[in-house]
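Structural overview
These are the residues of each chain, in order.
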Amino acid sequence: MNILVTGGLGFIGSHTVVELLSAGHTPIIVDNLVNSKLEVLNRIQKITGVRPAFTELDVADEAALDKVFEKQPIDAVIHFAGLKAVGESVGKPLEYYSNNLCSTLTLLRCMKKHGTKNLIFSSSATVYGVPPSLPIKEEFPLGETTNPYGTSKAMIERILTDFSKANPDFNIALLRYFNPIGAHASGELGEDPNGIPNNLMPYITQVAVGRRDHLTVFGDDYETPDGTCVRDYIHVVDLAIGHVMTLKKLMENPGLVIYNLGTGKGSSVFEVLAAFEKGTGVKIPYVVGPRRAGDLPFLYANCDKAYKELGYKATRTVEDACRDAYAFQKKNPNGIQ
Ligand code: NAD
Ligand code: UD1
């Protein structure tokens, strides 16, 4: 199938393009390079032997996006394009709402105009807010979001739900990712955020290659087994495969569906550090600092629904992800240039 991948040169998008190609699909990438490099296209070609079609555009630019839809029939869209830095979103709410909402609205108008009726949207576990219990199930109510990034995801979920009611012939999957980490096993694709990383794994790999001297663990006095926060870390390749399996589901005309994509297993910050040492042989120096505002002690998914309805199960371990993320960072000490 021809699959339009918005944000397809980004961290999760690029890994998904590789999995789409290996499943026999034809990805068509659009990206405005606001948080990625054109070099990623060369890396995809190096891994797969195929150079996918790419257009540099802002998804909110309706005329430009319309041209892509006119060029060839599009069977489905995977919509990764969006701004995603939680901290930055607090200082730049207009940029976040404008980019994330307008791109989605424009995309929906183009899909409707051209009769493309299958859409996968990158949502986040952040939409659950403080969950009523654990593990987190899809039927839990949406919670309070605490930053414009998270609120933009919750708003887009609402928009897509309303759109789906008005357009029952559309098939839409809201995929709620837990914590994506890791990199492609080749070391060619991975994550390298701008500036000081907010997220745990890129911070650890930057310490491992000497770009930063130690990790600060945000609190060791939580009510968890070792006092550090527990998260559900999913290897980015497993996450990418989840999109390919969701596409198959959309072909059954399910209407609107929601899936958690995680592993169902929580790991603490100290457990991640131990897995990193085991997987790479590198011991990460750290200090324990204060808690970070907004962090919850436990967040992990119930993944039964994705297993039952998609046959989906993540198979890679946190140790695999640590090894792959480190290999990527070593090969690309300053990210993909
Ligand atoms: P990323 O920043 O690496 O990729 C997003 C891509 O979209 C980038 O290449 C960027 O240049 C592009 N982009 C942004 N706005 C655009 C626009 N208006 N038009 C065209 N291109 C645009 O992020 P990622 O980690 O790959 O995340 C992909 C999606 O998954 C995002 O929507 C993100 O919010 C969501 N998500 C990510 C995580 C995570 O931890 N990485 C967790 C939950 C959800
Ligand atoms: C964060 C965001 C979440 C977003 C997700 C993916 C917050 C509060 N949450 O999730 O909304 O969807 O990223 O982008 O920002 N940690 C350290 N030291 C560090 C970095 C992290 O100890 O330098 C700890 C954190 O306290 C947390 C765990 O590592 O317990 C994972 O952190 P992170 O990778 O930022 O993910 P989340 O906080 O789960």
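Conventions we followed
- Residues numbered from 1 in each chain as written.
- Chains lettered and ligands numbered in written order.
- Predicted model: local features only at pLDDT ≥ 70, side-chain atom pairs only at ≥ 80, totals over all residues.
- Heavy atoms only, no water.
- Salt bridge = Lys/Arg side-chain N within 4 Å of Asp/Glu carboxyl O.
- Helix = DSSP H or I, 4+ residues; strand = E, 2+ residues; numbered from the N terminus.
- Buried < 20%, exposed > 50% of the residue type's maximum accessible area, 1.4 Å probe, protein only.
- Contact = heavy atoms within 4.5 Å.

Let us look at the pattern of salt bridges. Inspection of every chain in the model, using the stated rule, returns 19 salt bridges. Across the pair Arg211 and Asp192 runs a salt bridge whose closest N-O atoms are separated by 3.1 Å. Taken together, the residues Arg211 in the loop between α7 (200-208) and β8 (215-218) and Asp192 in the loop between β7 (179-181) and α7 connect sequence positions 19 residues apart. With a relative accessible area of 31%, Arg211 lands in the partly exposed category. Here Asp192 falls in the partly exposed class, since its relative accessible area comes to 23%. Of the charged contacts in the structure, one is a salt bridge between Glu319 and Lys278, with a shortest N-O distance of 3.5 Å. Highlighted residues: Glu319 in helix α11 (residues 318-331) and Lys278 in helix α9 (residues 269-280), separated in sequence by 41 residues. Within this structure, Glu39, Arg43, Lys46, Glu188 and Lys331 form a network of salt bridges that share partners.

Moving on, we get to the environment of Phe218. Mapped onto the secondary structure, Phe218 falls in strand β8. Looking at Phe218, the relative accessible area reads 34%, which means it is partly exposed. For the pair Phe218 and Gln329, spaced 111 residues apart in sequence, the C-alpha to C-alpha distance is 23 Å. Discounting chain neighbours no more than four positions away, the residues touching Phe218 are Gly289, Pro290, Arg291, Arg292 and Asp295.

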